[in-house]
Amino acid sequence: MRIEAAIARAGEPFTIEPCTLDEPRGGEVLVKVEACGICHTDLAAKDHGFGTPLPAVLGHEGVGRILALGPEVDGLAVGERVVMSFGACGRCPACVARWPGYCRHARDFNVLGRRLAGASPIRLGERPITGHFFGQSSFATHAIAAATNLVAVDDELPAQRLAPLACGVQTGAGAILLAGAAEASDAVVVCGCGTVGLAAVMAARIVGCARIIAVDRRPERLALAAELGASELLGPEVEDLAGALRGLGGVTLGFDNTGAPAVIEAVLAALRPRGRLIVAGLSPRGSELRVDLNRLMSTGKTIRGTVEGDAEPRSFIPRLVAWVRDGLLPIDRLVTTYPFAAIDQAAVDMAAGRVVKPVLLMP
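What this report covers is the structure whose coordinates are included nearby.

What counts and how
Residues numbered from 1 in each chain as written. Predicted model: local features only at pLDDT ≥ 70, side-chain atom pairs only at ≥ 80, totals over all residues. Heavy atoms only, no water. Helix = DSSP H or I, 4+ residues; strand = E, 2+ residues; numbered from the N terminus. Rg over C-alpha atoms; globule rule 2.2 N^0.38 Å. Buried < 20%, exposed > 50% of the residue type's maximum accessible area, 1.4 Å probe, protein only. Contact = heavy atoms within 4.5 Å. Lys, Arg positive; Asp, Glu negative; His and termini not counted. Charge placed at Lys NZ, Arg CZ, Asp CG, Glu CD. Patch = residues over 30% accessible without salt bridge, like charges linked within 9 Å, V, L, I, M, F, W, Y side chains within 5 Å. Areas by Shrake-Rupley, 256 points an atom, 1.4 Å probe, with all protein chains shown as cover. Salt bridge = Lys/Arg side-chain N within 4 Å of Asp/Glu carboxyl O. Axes fitted to C-alpha atoms, helices over the stretch in contact; angles between N-to-C directions. Parallel < 35°, antiparallel > 145°, perpendicular 65-115°, else oblique. Left-handed = near helix turned anticlockwise from the far one by under 90°. Nonpolar A, V, L, I, M, F, W, Y, C, P; charged D, E, K, R; others polar. Pairing = 2+ DSSP bridges.

## Side note on the overall build of the protein
Line of reasoning, step 1. Counting its secondary structure elements, the protein contains twelve helices and 17 strands.
Line of reasoning, step 2. Relative to the compact-globule value of 21 Å for 363 residues, the protein shows a C-alpha radius of gyration of 20 Å, a close match.
Line of reasoning, step 3. Expressed as lengths along the three principal axes of its C-alpha atoms, the size of the protein is roughly 60 × 40 × 40 Å.
Line of reasoning, step 4. Among the 363 residues that make up the protein, the fraction classed as buried is 57%.
Line of reasoning, step 5. Considering only intrachain contacts with a sequence separation of at least 6, the fraction spanning at least 24 residues in the protein is 69%.
Line of reasoning, step 6. The positive charge centre, built from 36 side chains, and the negative charge centre, built from 38, are 3 Å apart in the protein.

## Observations concerning a nonpolar patch on the surface
Line of reasoning, step 1. On the surface, a cluster of nonpolar side chains totalling about 310 Å² of accessible area is made up of Leu289, Val291, Leu293 and Ile303.
Line of reasoning, step 2. Tracing the sequence through the fold places isoleucine 303 in strand β15 (residues 302-305).

## Structural notes on the packing of helix α5 (residues 168-179) against helix α6 (residues 195-207)
Line of reasoning, step 1. Direction vectors running N to C along α5 and α6 enclose 45 degrees, while the axes themselves pass 7 Å from each other. Judged by the inter-axis angle, α5 sits oblique to α6. Here the hand of the crossing between α5 and α6 comes out right-handed. Contacts from Gly168, Val169, Thr171, Gly172, Ala173, Ile176 and Leu177 in α5 reach Thr195, Val196, Ala199, Ala200, Ala203, Ala204 and Val207 in α6.
Line of reasoning, step 2. Tallied by class, the residues present in the contact of α5 with α6 amount to ten nonpolar, four polar and no charged.

## As for the sheet that holds β15
Line of reasoning, step 1. If you walk across this open sheet you meet the six strands as β12-β11-β10-β13-β14-β15, and the pairing is parallel. One side of each edge strand has no neighbouring strand; the edge strands of this open sheet are β12 (232-234) and β15. The mean inter-strand angle of the sheet, taken between neighbouring strand axes irrespective of direction, is 15 degrees.
Line of reasoning, step 2. Of the pairings in the sheet, the one linking strand β14 (residues 271-279) to β15 comprises four bridges and is parallel in character.

## As for the pairing of strand β8 (residues 142-146)
Line of reasoning, step 1. Judged by how many residues are buried, β8 sits mostly within the fold: five of five residues are covered.
Line of reasoning, step 2. Covered by surrounding structure in β8 are His142, Ile144 and Ala146 together with Ala143 and Ala145, the residues of both alternating faces.

## Observations concerning the packing of α6 against helix α7 (residues 219-228)
Line of reasoning, step 1. Where α6 meets α7, the closest approach of the two axes is 9 Å, and the angle between their N-to-C directions is 20 degrees. Judged by the angle between their axes, α6 and α7 are roughly parallel. Between α6 and α7 lies a crossing whose hand is right-handed. Residue-level contacts link Leu198, Val201, Met202 and Arg205 of α6 to Arg221, Leu224, Ala225, Glu227 and Leu228 of α7.
Line of reasoning, step 2. Residue classes in the contact of α6 with α7 are distributed as six nonpolar, no polar and three charged.

Here you go:
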């Protein structure tokens, strides 16, 4: 079928062009896209050597309605509304254990943007292009999505409030609630107050954490973090982050989504004994941490990475939807909507920090 899709080429603006989309294969569905969030991972794939073959149709925070089912799809129906989350095969040991973020084929789906069986579902002219990014490629009017990606949702919430749950909000909230196993007694620090970090702040507030410290270079992001639940704010005037955190009594749970080694090292230094540090940010290639191994051993601290906050979308996204509905996750405070035709402006605005979470509304 003929669709309109935003084509990503390195160092060039997004351009919306007509493409051809194949029928769904086994384990896939055809989705008419209502909305799709833009994530920093999309921009990394387009311009920063993420590894995704270009040109490509990106987009991995899609919301839409199922138009057709391919063979071997169970538990979904034509007409059903779905959130499209990250790609996973559903069959490898990690997926069977309900850790789909660590799927054996995660790189194929979520970085290389390809089906396990090969051929792309999207053609630009006569040429196949990368068209299964995160198992969906939803910067388009229609997408072929892997059924394992999909979470059925009702019609109560508008699409722009659902789209960020697919990746950014899921990652931040999951890092606190799942990977970090936060409790009310925890003193939490969140470094980086974009969508992921602000979702982490909101999740820590839901838990009722004793202290929620937000760290960012942008005063307006810190102001928003305070409105969403942060109890203390550390901005660009802080030269010694570890010292500032110690001055607040230290922290028991740290979450970094900046990917900056100096920030991660500072939080690790400020952790109380047996404190936990969760890392979710993309770092430049070759980045390394300096860790005093004897001190790490003697204090019982832990540092670990997380993919998508350790979430299993089909169980976690419904929890997020309920919190959005109940006002505990005020996603609308993060979202700025754009028509699909303005995708390049939305990407520019996000990269410049003018908006937190741009969401594209499809025609």
